[in-house]
Amino acid sequence: MKINGNFNKLQDSYLFFNIAQKTSEFLKKNPGAPIIKMGIGDVTLPLPQACVDAMKKACDEMGVKETFRGYCDYEGYEFLRQAIADYYKEYGVDVSVDEIFVSDGAKSDVGNILDIFSDENTVLIPDPVYPVYVDTNIMAGRKILYIDANESNGFTPEPDYNVKADIIYLCSPNNPTGAVYDRAGLKKWVDYANAQDAVILFDAAYEAFIEDKDLPHSIFEIEGAKTCAIEFCSFSKTAGFTGTRCGYTVIPKELVREGRKIGELWLRRQSTKYNGTAYIIQRGAEAVFTPEGRAQIKENIDYYKRNTAILSEALSAKGIQYFGGKNSPYVWLKCPNNMKSWEFFDYLLTKCYIVGTPGSGFGKNGEGFLRLTGFGSYENTLIAAERIKNTL
Ligand code: MLT
């Protein structure tokens, strides 16, 4: 019996697991330290009332013989897929319900989608990046090429036609840098992918944070994307579902490789390995798209954005350079005094009792940076900003 030897190539632990451990070690040594967690991008506001009400109602239905439901459709209930399709229309994107697949979140889908692609494919991943893209491909033993995302390209690198790739990851608004591709930037990637017969895995988990009207929320707003892209989205950051778990993946019918529709392969994979997202949760997710749900999630997103504005203002006051924070819940800052990412992580933890995420955890180009999130409470964010102003 042999283990999957690719696991030996992974770093010892997942980035956010590592940070959680470091934080609890610090707390063991400094009991009662007034820590403010701005590391993992976990929401703190409760679920929107519209979602709670919808889930309660669904819960009651589950307790009545006539309305009880067992296994759900593998691709998700049509009521939710229709609500998602209608949401896409607002951005001028026409996707049909059978191109939408509901799941327990974007993280699972981003990792699981790899089941349907050969391990012989070469993968192109921007650096810095959400570590899940890298780790899941290491687990499968795929060849990974990196493309530099840095200050000089505004953290939105362009394709290089000399590089041949089969699977390309893009995340916009970006985790961790907060950078957002404009239409022209995305069009370059779509053209490149179509020219190479590659597939773009587009992570749109943070699209709801976009406030600039001209920026695209979906890669399918870009002409040509339907023949080369899969889009992943999630209710986690949009509607506070990090613990509730619901997301969706959009695979256009036009996306065909080796004569096979990619959406059909995905449904084959999901129906074999996944028994669907709970009815109660899908009803909660559907409520996100109601007028009340929309108003409530806007309030929550505005609240988090006020936090990023407070953090940005504190950094500006100290002359610390930062990126993101505007169309994204993340502030990506340059560590002061040329400190390395982990060095600054320790400094912030011990001097300000603030937990951030070291940029180097997202890749080599993240070295010298640190990510703070706007997902904390307003009160804690104000305290954190004061500590930054007084200490750094
Ligand atoms: C992050 O902090 O990067 C995210 O919360 C991680 C995730 O969404 O899995």
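None of the values given here were measured: they were computed from a predicted structure.

**Student:** Just to check I follow, could you spell out the packing of aromatic side chains for this structure?
**Tutor:** Geometrically, a pair of aromatic rings is defined through the distance of the ring centres and the angle of the planes. For the coordinates displayed, the defined rule picks out 29 aromatic pairs. With a centroid separation of 4.9 Å and an interplanar angle of 75 degrees, the aromatic rings of Y304 and F375 are classed as edge-to-face. With a gap of 71 residues between them, Y304 in helix 10 (residues 291–317) and F375 in the loop between strand 15 (369–373) and helix 12 (378–391) connect regions that are remote in the sequence. Each of the two residues, Y304 as well as F375, counts as buried. Here the aromatic cluster, defined as three or more aromatic residues joined through ring pairs, consists of Y14, F16, F155, F323, W332, F362 and F369. Across the ring face of F79, the terminal group of R283 is positioned such that the distance to the ring centre comes to 3.6 Å. Directly above the aromatic system of Y330 lies the positively charged group of R371, at a separation of 3.8 Å from the ring centroid.

**Student:** Mind showing me how you'd approach the sheet that holds strand 12 (residues 330–334) here?
**Tutor:** Two modes of strand pairing occur in sheets, parallel and antiparallel, and in both the strands are linked by backbone hydrogen bonds. Judged by pairing direction, the sheet is antiparallel, and its four strands sit side by side in the order 11-12-15-14 without closing on themselves. Only two strands of the sheet have a single neighbouring strand rather than two, namely strand 11 (322–324) and strand 14 (357–358). Strand contacts of helix 11 (residues 341–352): strand 12, strand 14 and strand 15, with the helix running at about 45 degrees to strand 15, the strand carrying the most contacts.

**Student:** What am I meant to see in the sheet that holds strand 3 (residues 122–127) here?
**Tutor:** Strand order in the open sheet formed by seven strands is 2-8-7-6-5-3-4, with mixed pairing between adjacent strands. Strand pairing shows two members of the sheet lacking a second neighbour, strand 2 (100–103) and strand 4 (143–148), which therefore form its edges. For this sheet, the mean inter-axis angle between neighbouring strands, taken without regard to orientation, is 20 degrees. Two elements, strand 7 (residues 229–234) and strand 8 (residues 247–250), share four bridges in a ladder whose sense is antiparallel. In the sheet register, C233 faces strand 8, and the bridge partner there is Y248.

**Student:** Could you clarify how one ought to interpret the domain arrangement of the protein in this entry?
**Tutor:** Frequently, the measure chosen for interface size is the accessible area removed from exposure when the parts meet. Domain annotation of the protein identifies domain 1 (5–47 + 292–391) and domain 2 (50–290). Domain 1 and domain 2 are separated by 25 Å when their C-alpha centres are compared. In this complex, domain 1 contributes 37 residues to the contact, which on the side of domain 2 involves 47 residues. Across the domain 1/domain 2 interface, buried area totals approximately 3,600 Å², and carbon plus sulfur atoms make up 58% of it. Remark: the boundary between domain 1 and domain 2 carries six salt bridges. Between K305 and E211 there is a salt bridge, and its shortest N-O distance comes to 2.8 Å.

Criteria and thresholds
Residues numbered from 1 in each chain as written. Predicted model: local features only at pLDDT ≥ 70, side-chain atom pairs only at ≥ 80, totals over all residues. Heavy atoms only, no water. Phe/Tyr/Trp six-rings, centres within 6.5 Å; stacked < 30°, edge-to-face > 60°. Helix = DSSP H or I, 4+ residues; strand = E, 2+ residues; numbered from the N terminus. Buried < 20%, exposed > 50% of the residue type's maximum accessible area, 1.4 Å probe, protein only. Lys NZ or Arg CZ within 6 Å of the ring centre and 35° of its normal. Pairing = 2+ DSSP bridges. Contact = heavy atoms within 4.5 Å. Axes fitted to C-alpha atoms, helices over the stretch in contact; angles between N-to-C directions. Domains from an automatic or database assignment. Buried area = accessible area lost by both parts, 1.4 Å probe. Salt bridge = Lys/Arg side-chain N within 4 Å of Asp/Glu carboxyl O.

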